[in-house]
Amino acid sequence: MSGVHLGPEEGVFELAGPKPTWIWAHTCPTPRCPCRTAILASTREGRNVLLRHAAPIRDAWNSGASHAQAAKEVSGLLVFALDIDRAAAYPIDGHDRIDLHERRDEAAVVERIDGDLLDELGCLWLKGKGLANPEQAIQRANRVVIQGWRQGEMVAWNDLFKGVRHDLYWIGDRVYEAAEAYCPVPKCDCFEVYIGFDTRTPRGGPKPGSVRVLRSAPPKLDPNKGRVELLEQLWAAFRARHARYEERFARRYEIVKKLGAKMPTTEPTASTSTTRKVGPNDPCPCGSGKKFKKCCRQ
């Protein structure tokens, strides 16, 4: 076990709705275990009922006993496991996904868990394993270096904050990942966000495409050949999980801009602009993250 001690009410969340639902999340505490699950105890009877009935799970977690076994013995609560990357529900001691079309009690909980809460569960997962929160660490850093990043490119959120959570979606028998990228140039006000969708399972599967979001224009879908319907499905699933995605993008955009000021860059000079020809599809030398033909060439 990790040896980490969680506070008496850490991991308790209220899910909004006509009748609020309360959940208490306990992630896997084993340091080297790669599982991405949290055991959720849930009730509509209020916070106090949740804390009283689920206390044995927290006690087991903090003492190093099997919190999963404790969860199976709890009564008066709905208890199941949740994959925090896929937002998929499982029995506590099973490997087959719960069919949420048939199990409406679990579905009523999962459907209220949005992307922001999943991110919080990702941070709880890190803490439970005794790992540092990368979002806190990188914002305290004096210099931000991203391996493989080059000036003129957008910055992937998960390249900045590794390990918190992968935004995965199950469509049919395949799993896809949505990766958000932002312009890091502090002086640029493009408010451009790029969401690339990639196939995670099976590995090497064709990429569905991407979505480009700007402040004053509707999102632009750019599907790969033959992937129009799939990209539309994924974008709809993304918007369902991130119902307030404009607020999410605005918040993250400002964070990336602040960190962009800490990233090592080489400002373009007259000499560099005359010795190296910039092609229309190359990143613009000004560092905006746009193609040259859509930026300073205009």
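What you are looking at is a predicted structure, and each value in this text was computed from that prediction instead of being measured.

Visitor: Tell me what's going on with the overall build of the protein chain, and back it up with residues and numbers.
Guide: In terms of regular secondary structure, the protein chain is built from nine helices and eleven strands. Counting contacts in the protein chain only where the partners sit at least 6 residues apart, residues at least 24 apart contribute 58% of the total. Only carbon and sulfur atoms are counted for the fraction: they give 50% of the accessible area of the protein chain, which is about 16,000 Å².

Visitor: How would you summarise the pattern of salt bridges if you had to cite specific residues and measurements?
Guide: Proximity of charged atoms lets side chains of opposite charge pair with each other. One pass over the structure, following the stated rule, counts 23 salt bridges. The salt bridge involving Arg 200 is made with Glu 177; its shortest N-O contact spans 2.8 Å. In this pair, Arg 200 sits in strand 9 (residues 193-201) while Glu 177 sits in strand 8 (residues 174-182), placing the two residues 23 residues apart along the sequence. Here Arg 200 falls in the partly exposed class, since its relative accessible area comes to 21%. Since its relative accessible area comes to 12%, Glu 177 is described here as buried. The salt bridge partner of Arg 212 is Glu 192, with a shortest N-O separation of 2.7 Å.

Visitor: How would you sum up empty space enclosed by the protein? Please name residues and give values.
Guide: If you roll a probe as big as a water molecule over the atoms, it shows you where there is empty space left. All chains considered together, the criterion is met by one cavity of 30 Å³ or more. Breaking the lining of the largest cavity down by element, the ones donating at least two residues are helix 6 (157-160), strand 8 and helix 8 (245-260). For the lining of the largest cavity, the element with the highest residue contribution is strand 8, accounting for three residues. Among the residues forming the lining of the largest cavity, the class breakdown is four nonpolar, two polar and seven charged.

Visitor: Can you explain the side chain of Ser 210? Please cite residues and give values.
Guide: Mapped onto the elements of the fold, Ser 210 is located in strand 10 (residues 209-214). In this structure Ser 210 touches Tyr 194, Ile 195, Gly 196, Lys 220, Leu 221, Asp 222 and Leu 231, once residues within four positions along its chain are discounted.

Visitor: Outline helix 8, supporting the account with residue identities and numerical values.
Guide: Given 3.6 residues per helical turn, the α-helix brings residues three or four places apart onto the same face. Taking 1.5 Å of rise per residue, 16 residues should cover 22 Å, and helix 8 covers 22 Å from first to last C-alpha, within 8% of that figure. Those residues of helix 8 lying buried are Tyr 245, Arg 248, Phe 249, Arg 252, Tyr 253, Val 256, Lys 257, Leu 259 and Gly 260. Projected onto a plane normal to the axis of helix 8, the buried residues spread over an arc of 160 degrees and lie on a single side.

Visitor: Which residues make up the state of the cysteines, and what values go with them?
Guide: Under the definition given, this model contains zero disulfides. Residue Cys 28 stays outside any disulfide, its sulfur separated by 3.6 Å from that of Cys 35, the closest cysteine. Left without a disulfide partner, Cys 188 is nearest to the cysteine sulfur of Cys 190, which lies 3.5 Å away. Classification of Cys 188 as buried rests on a relative accessible area of 15%.

What counts and what doesn't
- Residues numbered from 1 in each chain as written.
- Predicted model: local features only at pLDDT ≥ 70, side-chain atom pairs only at ≥ 80, totals over all residues.
- Heavy atoms only, no water.
- Helix = DSSP H or I, 4+ residues; strand = E, 2+ residues; numbered from the N terminus.
- Contact = heavy atoms within 4.5 Å.
- Areas by Shrake-Rupley, 256 points an atom, 1.4 Å probe, with all protein chains shown as cover.
- Salt bridge = Lys/Arg side-chain N within 4 Å of Asp/Glu carboxyl O.
- Buried < 20%, exposed > 50% of the residue type's maximum accessible area, 1.4 Å probe, protein only.
- 1 Å grid on protein atoms, 1.4 Å probe; cavity = no way out; pocket = protein on both sides within 12 Å on 5 of 7 lines; lining within 4 Å.
- Points joined across faces, edges and corners; volume = space filled by probe spheres on them.
- Nonpolar A, V, L, I, M, F, W, Y, C, P; charged D, E, K, R; others polar.
- Expected span 1.5 Å × (residues − 1).
- Arc of directions from axis to C-beta.
- Disulfide = S-S within 2.5 Å.

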